[in-house]
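Fold and contact review
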Amino acid sequence: MAVRQILNMGNPVLRQVARPLASAELASPGFALLLRDMVDTLHEYGGIGLAAPQVGESIRLAIIEIPGGPTRYGELDPMPLTVFVNPTIRVLDANTAGYWEGCLSVPGLRGFVERPQHVRIDYLNAAGESQSLELQGFSATVFQHEFDHLDGKLFVDRMTDMSLLSFEREFEEFQQATFIE
Ligand code: NI
């Protein structure tokens, strides 16, 4: 098990547009190792999504794992551990909903972000096979948050009302809503 250090906002790697992975790279031992480390890191920090740039690798790779049932995030649609390589996204319904987002790279803060709630994602899995997935609701928001990391964007860039940026303690004291990390 190897937990990687997570880069915090201010590190320029988080602001780069990450490069696509070549299919040959997916078969390399380095890729398997990075993926294992990312899963270990996600579990260690108790997050539900992690993008490779957050561990200093500027490549288009992200993982998401959403526990089902009642959790400290509220009642969620579960998503098993899913690996997204070179994902593309298409918004199927522009109607938005907002969640209080958090980010392992922006520790201690929560912010309210509205995003489209029905998207289609085309991507490669860890074996390099083409996959597609339609996501709705919370999981659509989680994916868009991770996808943004691949383009050098953080959730704070998506906020339209900066009065809805809060420290976690104050969030728990004064806000009642779903949040993600
Ligand atoms: Ni994040």
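Residues numbered from 1 in each chain as written. Predicted model: local features only at pLDDT ≥ 70, side-chain atom pairs only at ≥ 80, totals over all residues. Heavy atoms only, no water.

What follows deals with the overall build of the protein chain. Summing up its helical and strand segments, the protein chain has four helices and nine strands in all. Helices and strands appear in the protein chain in the N-to-C order α-α-β-β-β-β-β-β-β-α-β-α-β. Relative to a compact globule of 181 residues, whose C-alpha radius of gyration would be 16 Å, the protein chain shows 16 Å and is just as compact. C-alpha atoms of the protein chain, sized along the principal axes, occupy 50 × 35 × 30 Å. Counting the 181 residues in the protein chain, one finds 48% classified as buried. As displayed, the protein chain offers around 8,600 Å² of accessible surface, 52% of which is attributable to carbon and sulfur atoms. Between the averaged position of the 13 positive side-chain charges in the protein chain and that of its 24 negative side-chain charges there is a distance of 6 Å. (Helix = DSSP H or I, 4+ residues; strand = E, 2+ residues; numbered from the N terminus. Rg over C-alpha atoms; globule rule 2.2 N^0.38 Å. Buried < 20%, exposed > 50% of the residue type's maximum accessible area, 1.4 Å probe, protein only. Areas by Shrake-Rupley, 256 points an atom, 1.4 Å probe, with all protein chains shown as cover. Lys, Arg positive; Asp, Glu negative; His and termini not counted. Charge placed at Lys NZ, Arg CZ, Asp CG, Glu CD.)

Here strand β6 (residues 109-124) runs beside strand β7 (residues 130-136); their pairing, made up of seven bridges, is antiparallel. Its bridge partner being in β7, Ile 121 is matched across the sheet by Leu 133. In this antiparallel pair of consecutive strands, β6 and β7, the connection spans five residues, and Gly 128 shows a positive phi of 85 degrees. (Pairing = 2+ DSSP bridges.)

Before going further, it helps to spend a moment on the packing of aromatic side chains. Within the structure shown, the criterion is met by six aromatic pairs. Pairing Tyr 99 with Phe 138 gives two aromatic rings, centres 5.2 Å apart and planes at 75 degrees, and the pair type is edge-to-face. In this pair, Tyr 99 is assigned in strand β5 (residues 79-101) and Phe 138 in helix α3 (residues 138-150), connecting sequence segments 39 residues apart. In this structure, Tyr 99 and Phe 138 share a single accessibility class: buried. One Lys or Arg, Arg 60, reaches over the ring of Phe 147 and ends 5.8 Å from the middle of that ring. (Phe/Tyr/Trp six-rings, centres within 6.5 Å; stacked < 30°, edge-to-face > 60°. Lys NZ or Arg CZ within 6 Å of the ring centre and 35° of its normal.)

Residues spaced three or four apart along an α-helix face the same direction, because each turn holds 3.6 residues. Taking 1.5 Å per residue, 13 residues should reach 18 Å; α3 reaches 19 Å between its end C-alpha atoms and fits that length. α3 sits mainly inside the fold: 13 of its 13 residues count as buried. Looking one or two residues beyond α3, the residue adopting positive phi is Gly 152, at roughly 75 degrees. (Expected span 1.5 Å × (residues − 1).)

Under the counting rule described, the total for this entry stands at 12 salt bridges. With its nearest N and O atoms 2.6 Å apart, the salt bridge here joins Arg 15 to Asp 157. In this pair, Arg 15 is assigned in the segment before α1 (23-26) and Asp 157 in the loop between α3 and β8 (165-167), connecting sequence segments 142 residues apart. A relative accessible area of 41% places Arg 15 in the partly exposed class. (Salt bridge = Lys/Arg side-chain N within 4 Å of Asp/Glu carboxyl O.)

Another point: the environment of Glu 57. Residue position: Glu 57 is located in the loop between β1 (49-51) and β2 (61-66). Not counting residues up to four positions away in its chain, the partners in contact with Glu 57 are Arg 4, Leu 34 and Ala 52. Within the local environment of Glu 57, its side chain forms a polar contact with the side chain of Arg 4, the two groups lying 3.3 Å apart. (Contact = heavy atoms within 4.5 Å. Polar contact = N/O pair within 3.5 Å; in protein donor to acceptor, adjacent residues only side chain to side chain.)

Take unusual backbone geometry next. Excluding glycine, a negative phi dihedral is what most residues carry, and trans is how most peptide bonds are arranged. Even without being glycine, Asn 86 reaches a positive phi, approximately 50 degrees. Tracing the chain through its elements places Asn 86 in strand β5.

Taken together, the protein ligands of the nickel ion are Cys 103 (SG), His 145 (NE2) and His 149 (NE2), with distances of 2.1 to 2.3 Å. Here the donor residues of the nickel ion are spaced in sequence according to C-x41-H-x3-H. Of the two residues, Cys 103 sits in the loop between β5 and β6 while His 149 sits in helix α3, which places them 46 residues apart along the sequence. A relative accessible area of 4% means that Cys 103 is categorised as buried. Taking the relative accessible area as the measure of exposure, His 149 reaches 1% and is therefore buried. (Donors = N, O, S within 2.8 Å, 3.2 Å for Na, K, Ca; no water.)

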